[in-house]
Amino acid sequence: MNGTAAAAEDRVFAALANATRREVLRLLRERGPQPVQALADHFDMRRPSLSEHLKVLREAGLVSEQRSGRQRIYRLRAAPLAEVQDWLHPYERFWREQLKGLGDLLDRMPDDDRP
């Protein structure tokens, strides 16, 4: 992976590390494109604080911004999330194999029906 790709991946992971930003992504996924005010209504924070979160998401490529009159409409851009999923896949496989091994071990253990 070259330095530019690694930096982009780091921005995505840093953006996802914050619960507010994950919630913004969830809202955009479930409800589609939203103006800033509609997003802000879901949070107990001032609009400038939410704007900072939206900036981080935009810089990570997770949302896009479109101006419509005086409003800014935000839309989910899911492509970087596919890259995260690709990165996580070997770990999912690792844990699946570990849990299968644990299940096999437990299946081989005798049941202890004594009180």
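Residues numbered from 1 in each chain as written. Predicted model: local features only at pLDDT ≥ 70, side-chain atom pairs only at ≥ 80, totals over all residues. Heavy atoms only, no water.

As recorded in an unreviewed UniProt entry, the protein goes by the name Transcriptional regulator, listed as coming from Streptomyces monashensis.

Caption draft 1: Molecular detail of the pattern of salt bridges. According to the stated counting rule, one finds six salt bridges in the structure shown. The partner of Arg-26 in a salt bridge is Glu-23, and the shortest N-O contact between them spans 2.5 Å. Pair noted here: Arg-26 and Glu-23 are both in helix H2 (residues 19-31), with a separation of three residues, about one helical turn. With a closest N to O distance of 3.7 Å, Arg-58 and Glu-65 form a salt bridge. When its relative accessible area of 32% is taken as the criterion, Arg-58 is described as partly exposed. Several salt bridges converge on common partners, so that one network encompasses Glu-23, Arg-26, Arg-29 and Glu-30. (Salt bridge = Lys/Arg side-chain N within 4 Å of Asp/Glu carboxyl O. Helix = DSSP H or I, 4+ residues; strand = E, 2+ residues; numbered from the N terminus. Buried < 20%, exposed > 50% of the residue type's maximum accessible area, 1.4 Å probe, protein only.)

Caption draft 2: Local environment of the pairing of strand E3 (residues 71-76). Sheet analysis places strand E1 (residues 34-35) next to E3, joined by two bridges and oriented antiparallel. Directly across from Pro-35, in E3, lies its bridge partner Ile-73. In this structure, strand E2 (residues 63-68) lies alongside E3, joined through six bridges in antiparallel fashion. Its bridge partner being in E3, Gln-66 is matched across the sheet by Ile-73. (Pairing = 2+ DSSP bridges.)

Caption draft 3: View of a nonpolar patch on the surface. A contiguous nonpolar patch, built from Trp-87, Leu-88, Tyr-91, Phe-94 and Trp-95 and spanning about 540 Å² of accessible area, is present on the exposed surface. Here Phe-94 is to be found in helix H5 (residues 79-108). (Patch = residues over 30% accessible without salt bridge, like charges linked within 9 Å, V, L, I, M, F, W, Y side chains within 5 Å. Areas by Shrake-Rupley, 256 points an atom, 1.4 Å probe, with all protein chains shown as cover.)

Caption draft 4: Examining the nonpolar core more closely. Ranked by size, the top nonpolar core spans 19 residues in total, and within it Val-24, Leu-39, Leu-50, Leu-54, Leu-57, Leu-62 and Tyr-74 carry the most contacts. No other element matches H2, which puts four residues into this core. Apart from the residues lying within four places of it in its own chain, the contact partners of Leu-39 are Val-24, Leu-27, Leu-28, Gln-34, Leu-50, Leu-54 and Tyr-74. (Core = buried A, V, L, I, M, F, W, Y, C linked by side-chain atoms within 4.5 Å. Contact = heavy atoms within 4.5 Å.)

Caption draft 5: Main features of the environment of Ala-7. Position of Ala-7 among the secondary structure elements: in helix H1 (residues 3-16). On the basis of relative accessible area, Ala-7 is assigned to the partly exposed category, the value being 31%. Residues Ala-7 and Ala-60, 53 residues apart in the sequence, show an inter-C-alpha distance of 9.5 Å.

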